[in-house]
Amino acid sequence: AQKVTQAQTEISVVEKEDVTLDCVYETRDTTYYLFWYKQPPSGELVFLIRRNSFDEQNEISGRYSWNFQKSTSSFNFTITASQVVDSAVYFCALSENNDKLIFGTGTRLQVFP
Amino acid sequence: EAQVTQNPRYLITVTGKKLTVTCSQNMNHEYMSWYRQDPGLGLRQIYYSMNVEVTDKGDVPEGYKVSRKEKRNFPLILESPSPNQTSLYFCASSLARGLYNSPLHFGNGTRLTVT
């Protein structure tokens, strides 16, 4: 069965620190997609990235980077030089059968000035 | 502006009083879905729709109904709400018939409290 585990419930850092949010997934399919979403205090869900199972290249977007490793079934998310505006709940999600996202329980990131 | 619009944003109701949460998207998306978010559980899918007049159950469909009579609208209906349906609800849409081709775009959420 498909499952997404975000073991870190809450992380607190001070501004400018780097922080990595862990995501481990389980799936029996060879074709799947992985996602990260951000939920700021205002409550909306903001799409950050989608990665398919055939593309293990790491991706960097500004201060954000993602490390996809099929060998460990992980799709970790790193924020470099964190800022207060990065404070949010971050969700990792898996799409296996093309009709729904399986979400992890989320990691609350607090960045203090 | 491309968006998914849910109404209302906040709703307080009593047990057993039927209610509808509306969802509308202006992006001509085929796929639409409802999720509920609960502390410690993340988001769980309630229902989804691949196209007009096509709806399917998600992981937690009990106590909910949906309809897809038009492409842009996907209302969530609670015929007889109960306190365990107190939650934050999200409507979402995606361009193609499924998530492999495009990500989900979410509405701003509806916080429902059933007393």
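Description of the structure in this document. Here, residues in each chain are numbered from 1, in the same order as that chain's written sequence. Throughout, the order in which chains and ligands are written sets their labels, letters from A for the former and numbers from 1 for the latter. Thresholds applied to this predicted model are a pLDDT of at least 70 for local features of residues and 80 or more for the giving and counting of side-chain atom pairs; totals over whole chains, interfaces and linings are not thresholded and use all residues. Hydrogens and water molecules were not included; the side-chain quantities draw on all heavy atoms of the structure.

**Let's talk about the overall build of chain B**
Line of reasoning, step 1. Along the backbone of chain B there are zero helices and eleven strands.
Line of reasoning, step 2. Traced from its N-terminal end to its C-terminal end, chain B shows the element sequence β-β-β-β-β-β-β-β-β-β-β.
Line of reasoning, step 3. Based on C-alpha atoms, the radius of gyration is set beside the globule rule, defined as 2.2 Å times the residue count to the power 0.38. By the compact-globule yardstick of 13 Å for 115 residues, chain B fits well, its C-alpha radius of gyration being 13 Å.
Line of reasoning, step 4. Summarising its shape, the C-alpha atoms of chain B cover approximately 40 × 30 × 25 Å along the three principal directions.
Line of reasoning, step 5. Think of it in three bands: with a 1.4 Å probe and only protein chains considered, a residue is buried below 20% of the maximum accessible area for its type, exposed above 50%, and partly exposed in between. By residue count, 52% of the 115 residues in chain B fall in the buried class.
Line of reasoning, step 6. Note on contacts: a residue pair is in contact if any heavy atoms of the two residues lie within 4.5 Å. Pairs at least 24 residues apart make up 55% of the contacts formed inside chain B by residues separated by at least 6 positions.
Line of reasoning, step 7. Of the roughly 5,400 Å² of accessible surface on chain B, a fraction of 49% belongs to carbon and sulfur atoms.
Line of reasoning, step 8. The charge count includes Lys and Arg as positive and Asp and Glu as negative, but it does not include His or the ends of the chains. Just so you know, the charge point we use is NZ for Lys, CZ for Arg, CG for Asp and CD for Glu. Side-chain charges of chain B comprise 13 positive and 9 negative groups, with the mean position of each set lying 5 Å from the other. Counting from the N terminus, the helices are DSSP H or I runs at least four residues long and the strands are E runs at least two residues long. Computed with a 1.4 Å probe, the accessible areas rest on the Shrake-Rupley method; for each residue, only the protein chains presented here act as cover.

**Quick look at the state of the cysteines**
All names here are of chain A.
Line of reasoning, step 1. Count a disulfide wherever a pair of cysteine sulfur atoms falls within 2.5 Å. For the structure on display, the rule yields two disulfides over all chains.
Line of reasoning, step 2. One disulfide bridge connects Cys-23 with Cys-92, the sulfur atoms lying 2.0 Å from each other. Because the sign of the S-S torsion sets the handedness, a value of about -65° for the bond joining Cys-23 and Cys-92 places this disulfide among the left-handed ones. Placement of the pair is Cys-23 in the loop between strand 3 (19–21) and strand 4 (24–26) and Cys-92 in strand 10 (residues 88–95), with a sequence separation of 69 residues.

**Regarding the sheet that holds strand 3 (residues 19–25) of chain B**
All names here are of chain B.
Line of reasoning, step 1. DSSP-based pairing: two strands are paired if at least 2 bridges between them are found. Strand order in this open sheet of four strands is 1-3-8-7, and the pairing throughout is antiparallel. In this open sheet, the two edge strands, each paired with only one partner strand, are strand 1 (4–7) and strand 7 (65–66).
Line of reasoning, step 2. Looking at chain direction, strand 7 and strand 8 (residues 76–78) are connected through two bridges and run antiparallel. Across the sheet, Lys-65 pairs through a bridge with Ile-77, a residue of strand 8.

**What about the packing of aromatic side chains?**
Line of reasoning, step 1. Stacked, edge-to-face and tilted labels apply to pairs of Phe, Tyr and Trp rings (six-membered ring for Trp) whose centres lie within 6.5 Å, assigned for plane angles under 30 degrees, over 60, and everything in between, in that order. For the structure on display, the rule yields 21 aromatic pairs over all chains.
Line of reasoning, step 2. Aromatic side chains Phe-90 of chain B and Phe-106 of chain B sit 6.1 Å apart centroid to centroid with 90° between the ring planes, which places their arrangement in the edge-to-face category. Here Phe-106 of chain B lies in strand 10 (residues 105–106) and Phe-90 of chain B lies in strand 9 (residues 87–94), a separation of 16 residues in the sequence.
Line of reasoning, step 3. Assessed through its relative accessible area of 10%, Phe-106 of chain B is described here as buried.
Line of reasoning, step 4. Counting every residue linked through ring pairs, the aromatic cluster contains Tyr-33, Phe-35, Tyr-37, Phe-47, Phe-91 and Phe-103 of chain A together with Tyr-35, Phe-90 and Phe-106 of chain B.

**Quick notes on the side chain of Ser-33 of chain B**
All names here are of chain B.
Line of reasoning, step 1. Structurally, Ser-33 can be placed in strand 4 (residues 31–38).
Line of reasoning, step 2. Classification of Ser-33 by relative accessible area gives buried; the value is 0%.
Line of reasoning, step 3. Within the structure, Ser-33 has its side chain in polar contact with the side chain of Gln-45 (distance 3.1 Å).
Line of reasoning, step 4. Discounting chain neighbours no more than four positions away, the residues touching Ser-33 are Gln-45, Tyr-47, Tyr-48, Phe-74, Phe-90, Cys-91 and Ala-92. Between N or O atoms, a polar contact is any pair within 3.5 Å; within protein, one atom must be a potential hydrogen donor and the other a potential acceptor, and residues adjacent in sequence are included only when both atoms are from side chains.

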